[in-house]
Every structure is written in structure tokens, then in C-alpha cells.
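Here's the letter readout for the chains.
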Amino acid sequence: MKVLPFKIPKSTTDTLIVQEDKETIFYDKFHQHEEIQISIIMSGEGSLIVGDTITDYKPNDILVFGSNVPHVLKSAFSEEESYMISIFFTKDSFGSTFFELPEFEELSGFFRNSVYGIKVLSKKKKLKKEFIKIVNSEDRFDRFSIFFKVLKLLKNANTGTISSFISKRTYTDNEGRRMARVLQSVMNDFNRDFSLKEAADLANMTPNAFCRYFKQRTNKTFFQFLIEVRIENACRLISKESDMTISEASYNSGFKNLSNFNRKFKEIKGITPSEYKKNLHAFSFR
């Protein structure tokens, strides 16, 4: 199985693909595919990379990835099964000019924002019901009808783009494997020391060439990426482990200095770790 590009399994008669992923972990390789992906996380949590942004995902999150947008969902270690329902389609799935019809003009913002990844912030309960309906339906016409209900809800929902930068470069298979090795290694072992040479070796490049290569494709340096992965892990630990201190979350995420952790946390999240912990219950599933 190639890391990039990634092919969505489908029959020759499929125009709309509905897929269930029920695994200990999701497909955790850095990948992209032609299809636009709309997914709901039914269970499981972990880290999400889209473009230049590292964030988290958790149950009831609804995510959209545009066509050929590189992304990866890295499941956190858990005994709980990871379960995701996804809808895949392209703008040409129903005909090359289908979504150019006047009736779909109001979806232009949705398609435009999908290239940066979208996280849905409202209407999540209604959308969840439609995802459950579509995955339980065996009638193609019913699925088609439910799909358009999903699009209508997404059009009217409050959403936020996940990334602010997506490289316009098209990944070759070799480049995909190269980037995947680096990202996978960091996401698996972020809590240990990483040298620039080690990362460059994973990409089979010199350190200087690797620095340019990584920055062009992620809009950040390798060490910025590493720090953000560590911060996201610390957020998850603080959220999940009520008895864990800020200091313990810092150390378990790869920081050797608490003051440096506090400074980097505030730079990335805009608030201190202590403030983050206090605000944990400020948002709830709507």
C-alpha cells in the first residue's frame, strides 16, 4: 500500500463511498486522496495533522479534508476501539459540471475551505444522526438523499478551517514515503530527543536540504513541528488524566524544562497550561 497517493477502495459503479473504520488505530500514515472526505469520529482520540497544523481529534468531531489535502490521524494509545464513519466523493462524482449548477452556488465556500481542512463546530448532533443513517442504509438512492442532507447541514453549520497553509506542490510517491517516515517517527517518539541529522537521515537528505524541503511543505521548521506535536500530547494528557500535574504532562511529552514548556504552550495555544486546564469544561458537545 502506497503512502502517497492513497486510493479509496471502491467498485466501478460507486459514485459515493461510505466507509466505516473500526480498528485499534486508524490508518495512521501521512496520505492524500482525490476524494473529498467528510468524517465523524464515533470513538477514539489522537492527533491530527493537516497542512501546517497539528491539533487533536476526539469523539463527535466532524472533519472535512479536501481533494488531495495531505493529512494523518494518529490514534492515541487506548483500549477503546477507534471508530470513524466517512463519506468520500469528488466534485466530478455525479458529473463534471454537477456542482457548478446554480442550486449548489452556496456550497462554494465549503469547497473552498475544504482545501485547508474543516472542523465542524455546530449542528453536530443532527449531522451524527445522518451519518448513522447513511452507514446503515443499503439503498443507494437513500444514501444519495442523506448525503445531500449532510451537505446542507455543513453549509449552515459554524465551521473553522484547521490549517492556514497547504503546500501547492504535488507529492510524488517517493516524496510521500519520505515525509511519512519523518512524521511517523516524530509522532511515535516525540517524547525523546531528536536531532536534525536524525530527521534528515530518515528523509535520506543532508540537514540543510532537509530544512528547506520540510519548510516548503509544512510552512514551519522541523523543530516547530516537533514542539507542536509535544504540546498536543500534553493537552491530551491534561484533559484525560485529572490527577496529572502540569509538570508531569510536560515531562511525559518530551520537555525537560518546565519554564520552556510553559512558554511554548502559551505561544502555541495563547493561554498557559494552567489556564487550559481550568477551561477544559468550558466547551461541550452540542
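Cut-offs used in this document
- Residues numbered from 1 in each chain as written.
- Predicted model: local features only at pLDDT ≥ 70, side-chain atom pairs only at ≥ 80, totals over all residues.
- Heavy atoms only, no water.
- Pairing = 2+ DSSP bridges.
- Helix = DSSP H or I, 4+ residues; strand = E, 2+ residues; numbered from the N terminus.
- Axes fitted to C-alpha atoms, helices over the stretch in contact; angles between N-to-C directions.
- Contact = heavy atoms within 4.5 Å.
- Expected span 1.5 Å × (residues − 1).
- Buried < 20%, exposed > 50% of the residue type's maximum accessible area, 1.4 Å probe, protein only.
- Salt bridge = Lys/Arg side-chain N within 4 Å of Asp/Glu carboxyl O.
- Phe/Tyr/Trp six-rings, centres within 6.5 Å; stacked < 30°, edge-to-face > 60°.

Before going further, it helps to spend a moment on the sheet that holds strand β3 (residues 46-50). Strand order in the open sheet formed by 3 strands is β4-β3-β6, and the pairing between neighbours is antiparallel. Each edge of the open sheet carries a strand with a single partner, namely β4 (53-57) and β6 (71-75). Each adjacent strand pair in this sheet contributes to an overall mean axis angle of 20°, direction not counted. On the sheet, helix α7 (residues 222-240) packs against β3 and β4 and is oriented at approximately 20° with respect to β4.

Below, the discussion takes up helix α9 (residues 258-269). Helix length check: α9 (12 residues) gives 16 Å between terminal C-alpha atoms against 16 Å at 1.5 Å per residue, within 8%. Gly270 sits one or two positions beyond α9 and adopts a positive phi of about 85°.

This brings us to the pairing of strand β7 (residues 82-89). Burial within β7 is extensive, with 8 of its 8 residues counted as buried. Where burial is concerned, the two faces of β7 agree: the one with Ser82, Met84, Ser86 and Phe88 and the one with Tyr83, Ile85, Ile87 and Phe89 are both buried. Here 7 bridges tie strand β1 (residues 17-23) to β7, and the two strands are oriented antiparallel to one another. Its bridge partner being in β7, Glu20 is matched across the sheet by Ile85.

The next thing to look at is the pattern of salt bridges. According to the stated counting rule, one finds 12 salt bridges in the structure shown. As a salt-bridge pair, Lys197 and Asp201 come within 2.9 Å of each other at their nearest N and O atoms. A residue pair is termed a helical-turn pair when its members lie 3 or 4 positions apart in one helix, as Lys197 and Asp201 do in helix α5 (residues 196-202) at 4 residues. A relative accessible area of 51% places Lys197 in the exposed class. On the accessibility criterion, Asp201 (42% relative accessible area) is partly exposed. Between Lys269 and Glu232 there is a salt bridge, with its nearest N and O atoms 2.5 Å apart. With Lys269 in helix α9 and Glu232 in helix α7, this residue pair connects regions lying 37 residues apart in the sequence. Residue Glu232 is classed as buried on the basis of its relative accessible area of 3%. Here the salt bridges share partners, and the residues they tie into one network are Asp56, Lys58, Asp61, Lys119 and Lys124.

To continue, consider unusual backbone geometry. Phi at Asn60 is positive, roughly 80°, even though this residue is not glycine. Using a relative accessible area of 15% as the deciding quantity, one classes Asn60 as buried. The backbone phi angle of Asn204 is positive, close to 55°, even though this residue is not glycine. Residue placement: Asn204 occurs in the loop between α5 and α6 (207-218). Given a relative accessible area of 60%, Asn204 falls into the exposed group.

We now examine helix α2 (residues 124-136). Its 13 residues give α2 an end-to-end C-alpha distance of 18 Å, which sits within 8% of 18 Å, the value for a rise of 1.5 Å per residue. Lining the buried residues of α2 we find β1, β2 (36-43), β5 (62-65), β7, β8 (118-120) and α3 (140-156).

With respect to the secondary-structure elements, Ile25 resides in the loop between β1 and β2. Ignoring sequence-local partners within four residues, the contact set of Ile25 consists of Ser75 and Ser82.

This next bit is on the packing of aromatic side chains. Across all of its chains, the model carries 26 aromatic pairs by this definition. Judged by centre distance (6.2 Å) and plane angle (45°), the rings of Phe94 and Phe148 are tilted. Placement of the pair is Phe94 in the loop between β7 and α1 (108-114) and Phe148 in helix α3, with a sequence separation of 54 residues. Owing to a relative accessible area of 18%, Phe94 belongs among the buried residues under this scheme. Between Phe222 and Phe223, the ring centres sit 5.3 Å apart and the planes meet at 70°, which makes this aromatic pair edge-to-face. Since its relative accessible area comes to 36%, Phe223 is described here as partly exposed.

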